[in-house]
Amino acid sequence: MNLIYVPGKINAEHGIVNRVATFDWICDMPLKSILEEKYKKPVWIENDGKCAALAELWMGNLTDVKKGVVIGLGTEIAGGIIINGALYRGSSETAGEFSSILTDFKNPNNEKRFGKIGGHKNLTGAYEDKKCAIDSHELFEKYKEGDETAKEVVRDYAKTIAAGIITIQSVLDAEKFCIGGGISTQDILIAEIKDRVHDFYSIKFHEAVSEPEIEKCHFGNASGCVGALYNFLIMQE
């Protein structure tokens, strides 16, 4: 048995990868059939953000939440939506594809989608532009050491993620957002995102959008694996 989670538009029922934004050569790939034929074992496939949301719904921080959202901070932005105790897929299986959120309405044909400006490479890239090349672990260590450039870069990145959360919240009115992905293990980043979201509501207190609760995914970067298992159990039923 193989449980696989991948980014992009996935037809989970038939195991077809319809589209992956970062790999434009993938189009309607019958990945389930390909792998089952090669390895002679059953395969179940699901979107990565949806797996993370399923994990948090099953045994994580969304177990008692009627409406919740998972945001995965990776190369781009993965996502999953829980409504009334179930994963919401949307009419064409793409609900939660937050990377596609536009940030420039006048010129949508550019690289300023939420997935591009919110990907973790934009975080380390901003520090490189100001000082030197660095990986995310080193960046957060410099933040803890009091490096002002590191603090500025992390706060600016947190503002970007906060803006995405507020945009999603204005549509879904969720109770809670759970942040996942590799860099979500940094408590500093979660705290900065919380603060930047709260800053918005402090300034725009007259806005009709409610402030959601924000915390890390319970399973951290392992949410996808746990959710893939839960998805398998659901599909078996």
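Look up a bit, the structure's there.
Residues numbered from 1 in each chain as written. Predicted model: local features only at pLDDT ≥ 70, side-chain atom pairs only at ≥ 80, totals over all residues. Heavy atoms only, no water.

*Asks:* Help me understand the overall build of the protein, please; the structure alone is not making it clear to me.
*Replies:* The secondary structure content of the protein amounts to eight helices and ten strands. Against the globule reference of 18 Å for 237 residues, the protein gives a C-alpha radius of gyration of 18 Å, in line with a compact fold. Dimensions along the principal axes, computed over C-alpha positions, put the protein at roughly 55 × 40 × 35 Å. Scored against the burial criterion, the 237 residues of the protein give a buried share of 45%. Taking the contacts inside the protein whose residues are at least 6 apart along the sequence as the reference set, 63% of them involve residues at least 24 apart. Accessible surface, the protein as shown: approximately 12,200 Å² in total, 51% of it carbon and sulfur. (Helix = DSSP H or I, 4+ residues; strand = E, 2+ residues; numbered from the N terminus. Rg over C-alpha atoms; globule rule 2.2 N^0.38 Å. Buried < 20%, exposed > 50% of the residue type's maximum accessible area, 1.4 Å probe, protein only. Contact = heavy atoms within 4.5 Å. Areas by Shrake-Rupley, 256 points an atom, 1.4 Å probe, with all protein chains shown as cover.)

*Asks:* What is the right way to look at the packing of helix α6 (residues 148–172) against helix α7 (residues 187–203) in this model?
*Replies:* Geometrically, a packed helix pair is captured by the angle between its two axes and the distance between the axes. Between α6 and α7, whose axes approach to 8 Å, the crossing angle comes to 55°. Relative to α7, the element α6 is oriented oblique. In the crossing of α6 with α7, the sense of the turn from one axis to the other is right-handed. On the side of α6, the interface is formed by V154, R155, Y157, A158, K159, I161, A162, I165, I166 and Q169, while α7 contributes L189, E192, I193, R196, V197, F200 and Y201. Of the residues belonging to the contact of α6 with α7, the class tally is twelve nonpolar, one polar and four charged. (Axes fitted to C-alpha atoms, helices over the stretch in contact; angles between N-to-C directions. Parallel < 35°, antiparallel > 145°, perpendicular 65-115°, else oblique. Left-handed = near helix turned anticlockwise from the far one by under 90°. Nonpolar A, V, L, I, M, F, W, Y, C, P; charged D, E, K, R; others polar.)

*Asks:* For this particular structure, what's the right way to read the nonpolar core?
*Replies:* Soluble globular proteins tend to pack their nonpolar side chains together in the buried interior. With 36 residues, the main nonpolar core has I71, L73 and I165 as its most contacted residues. Elements that contribute at least two residues to this core include exactly β6 (67–73), β7 (77–83), α4 (120–130), α5 (136–144), α6, β9 (176–180) and α7. Of the residues forming this core, the biggest block, eleven residues, is contributed by α6. Ignoring any residue separated from it by four or fewer positions in sequence, one finds I71 in contact with I77, A78, F98, I165, I168, F177, C178, I179 and G180. (Core = buried A, V, L, I, M, F, W, Y, C linked by side-chain atoms within 4.5 Å.)

*Asks:* Please clarify how the sheet that holds strand β10 (residues 213–216) should be interpreted in this entry.
*Replies:* Spatially, five strands are ordered β8-β7-β6-β9-β10 in an open sheet, and the strand pairing comes out mixed. The two strands at the open ends of the sheet, each matched to only one other strand, are β8 (86–88) and β10. Strand-to-strand, the axes of this sheet are offset by a mean angle of 25°, without reference to chain direction. Bridge count for β9 against β10 is four bridges, and the pairing is parallel. (Pairing = 2+ DSSP bridges.)

*Asks:* Teacher, can you tell me more about the environment of I117 here?
*Replies:* The residue I117 is located in helix α3 (residues 114–118) in this model. Once residues lying within four places of it in the same chain are set aside, the contact partners of I117 are T103, E111, K112, N122, Y157 and T160.

*Asks:* So what exactly am I meant to see when it comes to the pattern of salt bridges here?
*Replies:* Close approach of charged atoms lets side chains of opposite charge pair. Inspection of the entire model under this criterion finds 14 salt bridges. For K131, the salt bridge goes to D147, with nearest N and O atoms at 3.3 Å. In this pair, K131 is assigned in the loop between α4 and α5 and D147 in the loop between α5 and α6, connecting sequence segments 16 residues apart. For R155, the salt bridge is made with E192, and the minimal N-O distance between the two is 3.1 Å. Of this pair, R155 sits in helix α6 while E192 sits in helix α7; the two residues are 37 residues apart in sequence, bridging distant segments of the chain. By relative accessible area, which is 5% here, E192 ends up buried. (Salt bridge = Lys/Arg side-chain N within 4 Å of Asp/Glu carboxyl O.)

*Asks:* Explain unusual backbone geometry here, please?
*Replies:* In this structure, K40 takes a positive phi of about 55° despite not being glycine. Inspection of the secondary structure puts K40 in the loop between α1 (31–39) and β5 (43–47). If you check the backbone angles, E93 has positive phi at about 70° while not being a glycine. Position of E93 relative to the elements: it lies in the loop between β8 and α3. Residue E93 is classed as partly exposed on the basis of its relative accessible area of 25%.

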